[in-house]
Structure formats: C-alpha cells, structure tokens
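Breakdown of the fold
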Amino acid sequence: MKYKMIALDLDGTLTNSKKEVSPRTRDLIIEIQKQGAIVALATGRPIQGAAPISKELQLDVYGGYILSFNGGIIKNCRTGEIVFQKDMPGELVPKLAEASYRYQIPILTYKGDCIVTEDTTDYYVRLEAEINKLPVEALENFAEQVNYPIPKCLMVAAGWQLEEIMPKMQEEFGDKVNIFRSEPFFMEITPLGVDKAQGLARLLEYTGVKREELICCGDGYNDLTMLKFAGLGVAMENAQPEVKAIADVVTLTNDNEGVAYIIEKYMKNK
C-alpha cells in the first residue's frame, strides 16, 4: 500500500449535505483499516462533534485518530489517549470578547459537551450547534466566565462581514493566535502552532508514517495547510476555489462520494 494514512475533513468532504457518511464510503473506510491503513478525522469540530462519525467508521476498533479543533487536540480513538493538546492563551479571551462586541458579531467556545456564548439565538451559533449535535449554554459575560483552558474560539457572521473583519483581526491578534475561516461564516481562532498540517505532522511522528504516505482530503480554507502538506492533497469538486487551486487532485463532490472515489483509486487493495 503506497498510502498508509488518509486524513479526512468532515463537513463538505467526508459527509454529504445531510451531514451523513454514505454506506459505500463507510464500508470502504472500514475495509482499508482492515488492510492496515490509518484513518484520521481532521476537523474544526470538537471531539464530541466528531465522535459519532469516528464510531460509525470503527476508528475505535482499528486505531484511528481524531484531530479536533483543527489539530488542537489529537485523540487515539482505540485507547482514548490524548496524544496532543494545546490551549489558547487565557489572557487573550477578554480581548477577543471585546473585539466581538466592537465588531458586533458573536463569539463562542466550548465547555464539556456544550457550546457556550452570550448570543444563543444567532443563526450561525445555532448552525454550529446543529453540526456538532451539542447544546448551547448562555453566558452573561464571556470574558469573565470563560476562565478555563479552551482549545479555540469561533466568531460567526455572514461571509461578507467576516471578509471585512478578518484582516483587522489578523492585524490585531495575528502574532498571538491563528485566525482563518473554515467556512465563509466561521472564523476560527486557534493557538499559534495549531493547524491541520501541524497536527498531522505530530501524528505522523507519533505513528511512524511518512509524509509521502499521507493522503489528505478537504474542501475549506482550514484544509489548505494539510493539502499542501500531504503526499497527495485532494480537493473536493465542491471545495473553495483556493483549495482546488493548490490540490494535487480534484475528486467528485461530497454528495457524489468523492472520498470513496479516492480510496478506491489510491488505497484499496485490488
């Protein structure tokens, strides 16, 4: 097997428009794991948001991994071990909260099995909750109540708003955190040294797999680094134009089982 590991973004890549993994794709992923391949789910979602899919794909049986929060936490699904974790600088949380007030867009983070935010009714906050199947807990004061270690913050708004705000956020905070969009309406704020490529570099070192033996599939802005890093970088047909531009291969859309096509072509034993 030329490729020994495949890293899969979830939303817009592995899952279809209904946020489901097709039976064909699921069966192929289980099959290549039986043949010895390692499967990693590389996602902006929290662990809890990726866990149901990891179980459906039997990553707990075959020893796959979840890279949640864009690589901020790496979990071994079979042992439950946290292989790596890096949290946000705590002193930045009040400053990020202040920026969210200034730009008048919601900020959220995570606590246990909940999303926490001051604005529980915002459309994009509810969308994040729906994607991850997590409840939303209301905070009275984000800056004061988020006084525990967190792996990332998410600022949410319409795409045109974030397009205007993101350069200003990067200018103000770019030397302290990573700021990028995973979707047009989701602006991710993660610790320096955390993105999908750096997470996968850590996982390769942990598993002994070589970079040339890694396939990465993605569709969003937060997948750019891992597609550039991979031995084979695969963009979905439905990917953002910038993602397709840097990919080695463009596969079918997420609704046409583009991941299954790549597995059959590059990983499945004939």
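Residues numbered from 1 in each chain as written. Predicted model: local features only at pLDDT ≥ 70, side-chain atom pairs only at ≥ 80, totals over all residues. Heavy atoms only, no water.

Ile6, Leu8, Leu14, Leu41 and Ile215 are the most contacted members of the largest nonpolar core, which has 46 residues in total. Ranked by residue count, the leading element in this core is helix H5 (residues 123-132), at five residues. Residues within four places of Ile6 in sequence aside, it is in contact with Ile32, Ile38, Val39, Ala40, Ile215, Cys217, Ile263 and Met267. Judged by nonpolar contacts, the second largest core, of 26 residues, contains Ile105, Leu139, Val177 and Met187. (Core = buried A, V, L, I, M, F, W, Y, C linked by side-chain atoms within 4.5 Å. Buried < 20%, exposed > 50% of the residue type's maximum accessible area, 1.4 Å probe, protein only. Helix = DSSP H or I, 4+ residues; strand = E, 2+ residues; numbered from the N terminus. Contact = heavy atoms within 4.5 Å.)

Okay, the packing of aromatic side chains next. Across all of its chains, the model carries six aromatic pairs by this definition. Where Tyr124 meets Phe185, the ring centres are 5.4 Å apart and the plane angle is 15 degrees; that geometry is what we call stacked. Taken together, the positions of Tyr124 in helix H5 and Phe185 in the loop between strand S10 (177-183) and strand S11 (186-191) put the pair 61 residues apart, joining distant regions of the chain. Phe185 sits in the partly exposed class, given a relative accessible area of 21%. A ring pair is formed by Phe185 and Phe186, whose centres lie 4.8 Å apart and whose planes are at 85 degrees; its orientation type is edge-to-face. In this structure Phe186 comes out as buried when scored by relative accessible area, which is 4%. Put simply, the rings of Tyr123, Tyr124, Phe185 and Phe186 touch in pairs and so form one group of aromatic residues. (Phe/Tyr/Trp six-rings, centres within 6.5 Å; stacked < 30°, edge-to-face > 60°.)

Another point: the pattern of salt bridges. The final tally for this structure, using the stated rule, is 13 salt bridges. The partner of Asp11 in a salt bridge is Lys19, with the nearest N and O atoms 3.3 Å apart. When its relative accessible area of 11% is taken as the criterion, Asp11 is described as buried. Lys19 sits in the partly exposed class, given a relative accessible area of 33%. Across the pair Lys196 and Asp223 runs a salt bridge whose closest N-O atoms are separated by 2.6 Å. With Lys196 in helix H8 (residues 196-207) and Asp223 in the loop between strand S12 (214-218) and helix H9 (224-229), this pair connects stretches of sequence that are 27 residues apart. One exposure class covers both Lys196 and Asp223, and it is buried. The network of salt bridges with common partners includes Asp9, Lys196 and Asp223. (Salt bridge = Lys/Arg side-chain N within 4 Å of Asp/Glu carboxyl O.)

Look at helix H1 (residues 23-34) against helix H11 (residues 258-266): their axes get within 9 Å of each other, and the N-to-C directions meet at 35 degrees. In terms of crossing hand, the pair formed by H1 and H11 is left-handed. Of the residues in H11, those touching H1 at Arg24, Thr25, Leu28, Ile29 and Ile32 are Val259, Ala260, Tyr261, Ile263 and Glu264. A class-by-class count of the residues in the contact of H1 with H11 yields seven nonpolar, one polar and two charged. (Axes fitted to C-alpha atoms, helices over the stretch in contact; angles between N-to-C directions. Left-handed = near helix turned anticlockwise from the far one by under 90°. Nonpolar A, V, L, I, M, F, W, Y, C, P; charged D, E, K, R; others polar.)

Here the focus is the sheet that holds strand S7 (residues 114-117). The six strands are arranged S8-S7-S6-S9-S11-S10 in an open sheet whose pairing can be described as mixed. The strands lining the two open edges of the sheet, one partner per strand, are strand S8 (136-138) and S10. This sheet shows a mean twist of 30 degrees between the axes of neighbouring strands, independent of strand direction. Pairing between S7 and S8: three bridges, direction parallel. (Pairing = 2+ DSSP bridges.)

Viewed as axis vectors pointing N to C, helix H4 (residues 93-103) and helix H7 (residues 159-173) meet at an angle of 150 degrees, and their least axial separation amounts to 12 Å. Viewed along their axes, H4 and H7 adopt a mutual orientation that is roughly antiparallel. Crossing angle aside, the handedness with which H4 passes H7 is right-handed. Residue-level contacts link Lys95, Leu96, Ala99, Arg102 and Tyr103 of H4 to Ile165, Lys168, Met169, Glu172 and Phe173 of H7. A breakdown of the residues in the contact of H4 with H7 according to their chemical character gives six nonpolar, no polar and four charged. (Parallel < 35°, antiparallel > 145°, perpendicular 65-115°, else oblique.)

Strand order in the open sheet formed by eight strands is S5-S4-S3-S2-S1-S12-S13-S14, and the pairing between neighbours is mixed. Of all the strands in the sheet, the pair left with one neighbour each is strand S5 (82-85) and strand S14 (249-250). Inspection of the sheet shows S12 paired to strand S13 (residues 232-235) by four bridges, in the parallel sense. From the neighbouring strand, Cys217 faces S13, where its bridge partner is Val234.

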